[in-house]
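Remarks on the overall topology
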Amino acid sequence: MSIVTVQLGQCGNQIGHEVFSALCSDSCGSHGLCSKKENESYQDCCKERFFSQEQAGVPAARAVLVDMEPKVISHTLSMAASSGLWSYNSHSHFCQKQGSGNNWANGYCVHGPRHKEAILNLVQREAEKCDRLGGFFTIMSMAGGTGSGLGAFVTQCLRDAFPSSFLLNHVIWPYGTGEVIVQNYNSVLTLSHLYHSSDALLVHENDVIHKICAQLMNIKQISFRDVNQVIAHQLGSVFQPTHTAGEGSGYSRNPLGDLMEALVPHPEFRLLSLRNIPQVPESSLPYSSFSWPGLLKHLRQMLIAKAQMEEGIDWQVRAPHPGSSIPSTNKPLHFNTSIANLVILRGKDVNGADLGSFQDPSLYTSWLNPQDAFTAWKTPRAFNKYEKSASLVSNSQFLLKPLDSIVGKAWNMFASKAYLHQYTKFGIQEEDFLDCFTTLEQVISSYTNL
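Nothing here was measured: the structure is a model prediction, and the numbers come from that model.

The rules behind the values
- Residues numbered from 1 in each chain as written.
- Predicted model: local features only at pLDDT ≥ 70, side-chain atom pairs only at ≥ 80, totals over all residues.
- Heavy atoms only, no water.
- Helix = DSSP H or I, 4+ residues; strand = E, 2+ residues; numbered from the N terminus.
- Buried < 20%, exposed > 50% of the residue type's maximum accessible area, 1.4 Å probe, protein only.
- Contact = heavy atoms within 4.5 Å.
- Salt bridge = Lys/Arg side-chain N within 4 Å of Asp/Glu carboxyl O.
- Pairing = 2+ DSSP bridges.
- Axes fitted to C-alpha atoms, helices over the stretch in contact; angles between N-to-C directions.
- Expected span 1.5 Å × (residues − 1).
- Parallel < 35°, antiparallel > 145°, perpendicular 65-115°, else oblique.
- Nonpolar A, V, L, I, M, F, W, Y, C, P; charged D, E, K, R; others polar.
- Left-handed = near helix turned anticlockwise from the far one by under 90°.
- Domains from an automatic or database assignment.
- Buried area = accessible area lost by both parts, 1.4 Å probe.
- Polar contact = N/O pair within 3.5 Å; in protein donor to acceptor, adjacent residues only side chain to side chain.

1. Let's talk about the environment of glycine 427
- As for its placement among the helices and strands, glycine 427 is situated in the loop between helix 13 (421-424) and helix 14 (430-448).
- Residue classification places glycine 427 among the partly exposed positions, given a relative accessible area of 40%.
- In this structure glycine 427 touches Cys109 and Asp432, once residues within four positions along its chain are discounted.

Dropping the structure here:
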C-alpha cells in the first residue's frame, strides 16, 4: 500500500526532502547485509510505498508540497531533482507569494479556506495514482504559521475528504528557549485541533534532536539540515519495510494501519514518541560493534527512565516490582508508564534478539493486557549502513512534561491577554483558545493518571 506525504510550511518541506533522500539512499544501497532475494523484496516494497515510477526512470516521491512563500519549495524541488536518484512530481506543489507571519490564525482562518480547493485537488491527484492508498503522512512544525495553522486546517480537510484513510501527523516541537514569541499559542492551537482530526501525532522535539547532533553525532556547528537528517533517519527506521507477523510472512502491506493498530488502542491517547539506537557519526561505523542484548537493554532503560538518547540514561529508575499492583500515584517518580510500545529491529541475527523485557506487565497501564500492549517488527535487512539498529515508538508519558510546560506558558500569556489581538483580527476568539486549553488539559490529565 502507498502513503501520500503532505509537506507543510518551511519546516515540513525541509524535513520531507531529507526523509525521501534517506529512504531512497537506504533502499538503493547495497549495504543490506542480507540475501539478494530479501533485499529485492525490501526495495520493491519501499518503492511502492513512497515512490511512483515516472517516465524519466527516476522514482518520484508520492508527496504534495505546500507553503505560503515560494523560496523553500523551489529550493526543495531543485535539490531533489539534482540528486539524480529521485525527484518530486513537477505539478504537485502549491505556494503563494506571502507567508503566514508566524501567526496560526492567519494560516488556519485565511490561507486555509482560501486555498482549500487547490491543495485538496493536488492531494486527490496524488492519491489517485496509488493502486492502493494506505493513508496520509503530514509533516509540519507547531511553532510557525503555515505549517501549524494551515497544517491543522489541511489535516481537517483530509479527514473530511478521506474519512476511512489513516492519517498520521508528524509534528516538530519547538525549541524550549523559543524561536517565535507566540510559539506556545501556536503550539496549543495546533495540538488541540490535530487531536480532533488525526489518528495519531508522532512528535519530535527540536531540543532532543539538537542534543543528539551535539553529543552523539559530534557535530560542532549544528545546522537545521543536521537536525533534519537525524529526524529523517529516525522516521526511515520506522517506515521502511518490515515483517510485522514473523519470518516468512512477507513485508507489511499497510505501515500506517499496522502502526495505529499497535499503538493507539484508545482515542484519548494519540501522542507517539520515537527513540532510535545506535546513532553514531558515519565515520565511526566501521569501528563500532553492537549486540542485540546491549542495544535492547539500553532501549528498555530509555523507555522506563524517559531518556531522550542513549547517553546520560538514569540507570537508577526501576520498573515497579512484578506482580504488585501499585496504584499510579505510588509509582516511582521518574518512571514512565506506557499504554503501548512498538519495537522495530533491523539487521543481522534479528530473530535471535530477546524482547521479553518489553513484555513486563509493570511497564504498562493496568487496563491493557501486556500481550496487546507490546508489538515487535523485524527484518534481517540492515538500515542505513547500521549492521544492527533498534527503534522504539512509544505511546507513553514521554511527552507529558513538555506538553504541561507548553500549555502552562501559553496560559500565562493568555491570562494577561498578551498578543491576543494578533489572533482575534483573523477570527480566532478567546472562546476558541479556552476550548483548546480544555482539550489539552484533558489529554494531560489522562496521561498523568496512567
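2. Quick look at the pattern of salt bridges
- Within this structure, the stated rule accounts for ten salt bridges.
- With a closest N to O distance of 3.0 Å, aspartate 26 and arginine 381 form a salt bridge. In this pair, aspartate 26 is assigned in helix 1 (residues 9-28) and arginine 381 in the loop between strand 12 (374-379) and strand 13 (388-396), connecting sequence segments 355 residues apart. The two residues aspartate 26 and arginine 381 agree in class, both being buried.
- Taking the shortest distance from any N to any O, the salt bridge between aspartate 199 and arginine 159 comes out at 3.0 Å. One end of the pair, aspartate 199, is in the loop between helix 6 (183-197) and strand 9 (200-205); the other, arginine 159, is in helix 5 (residues 146-161), with 40 residues separating them in the sequence.
- Of the residues examined, aspartate 199 reaches a relative accessible area of 23% and is grouped as partly exposed.
- Among the ionic contacts, a cluster of salt bridges with common partners joins Lys348, Glu387 and Lys388.

3. What about the sheet that holds strand 6 (residues 93-95)?
- The strand order 6-4-1-7-8-9-10-13-11-12 describes an open sheet built from ten strands, whose pairing is mixed. One side of each edge strand has no neighbouring strand; the edge strands of this open sheet are strand 6 and strand 12. Strand-to-strand, the axes of this sheet are offset by a mean angle of 20 degrees, without reference to chain direction.
- One ladder, built from three bridges, connects strand 4 (residues 63-67) with strand 6; its direction is parallel. The partner of leucine 65 across the bridge, within strand 6, is histidine 93.
- Across the sheet, helix 7 (residues 206-216) touches strand 8 (166-173) and strand 9, and the angle it forms with strand 9 is around 45 degrees.

4. Quick notes on the environment of asparagine 102
- Within the secondary structure, asparagine 102 sits in the loop between strand 6 and helix 4 (104-128).
- Relative accessible area serves as the criterion here: at 38%, asparagine 102 is assigned to the partly exposed category.
- Sequence spacing of asparagine 102 and glycine 147 is 45 residues, and the spatial spacing of their C-alpha atoms is 9.2 Å.
- Other than its neighbours up to four places away in sequence, asparagine 102 contacts Gly144, Gly145, Val180, Val182 and Asn186.

5. Here's the deal with helix 6
- The terminal C-alpha atoms of helix 6, which comprises 15 residues, lie 21 Å apart, in line with the 21 Å expected from a rise of 1.5 Å per residue.
- Taking burial as the measure, the 15 residues of helix 6 include 14 buried ones, the bulk of the element.

6. Remarks on the packing of helix 7 against helix 8 (residues 224-239)
- At a minimum axis distance of 9 Å, the contact between helix 7 and helix 8 shows a crossing angle of 100 degrees. In terms of their interaxial angle, helix 7 and helix 8 are classed as roughly perpendicular. Listed contacts from helix 8 to Asn206, Ile209, His210, Ile212 and Cys213 of helix 7 are Asp226, Val227, Val230, Ile231 and Gln234.
- Its residues assigned to classes, the contact of helix 7 with helix 8 shows six nonpolar, three polar and one charged.

7. Regarding the environment of glycine 352
- Here glycine 352 is to be found in the loop between strand 11 (338-347) and helix 11 (370-373).
- Spatially, the C-alpha atoms of glycine 352 and proline 293 are 9.8 Å apart, while their sequence positions differ by 59 residues.

8. Things to note about the packing of helix 12 (residues 400-415) against helix 14
- Where helix 12 meets helix 14, the closest approach of the two axes is 10 Å, and the angle between their N-to-C directions is 155 degrees. In terms of orientation, helix 12 lies roughly antiparallel with respect to helix 14. Considering only the axes of helix 12 and helix 14, their crossing is left-handed. Counting all contacts with helix 12, which are made through Leu400, Leu403, Asp404, Val407, Ala410, Trp411 and Phe414, the residues of helix 14 involved are Glu430, Phe433, Leu434, Phe437, Leu440, Glu441, Val443, Ile444, Tyr447 and Thr448.
- Looking at the contact of helix 12 with helix 14 residue by residue, the classes come out as 13 nonpolar, one polar and three charged.

9. Some remarks on the domain arrangement of the protein
- What the domain assignment reports for the protein is domain 1 (2-276), domain 2 (293-396) and domain 3 (401-449).
- Look at where the C-alpha atoms of domain 1 and domain 3 centre, and you get two points 26 Å apart.
- Taken together, the 29 residues of domain 1 in the interface contact 25 residues of domain 3.
- The largest contributions to the domain 1 side of the interface with domain 3 come from Asn184, Tyr185 and Val188, which together make up 29% of the buried area.
- Applying the counting rule to domain 1 against domain 3 returns zero salt bridges.
- Connecting domain 1 to domain 3 are nine residue pairs in polar contact (both at pLDDT 80 or more).
- No other element matches helix 6, which puts eleven residues into the side of domain 1 that touches domain 3.
- For the side of domain 1 that touches domain 3, the class distribution of residues is 17 nonpolar, nine polar and three charged.

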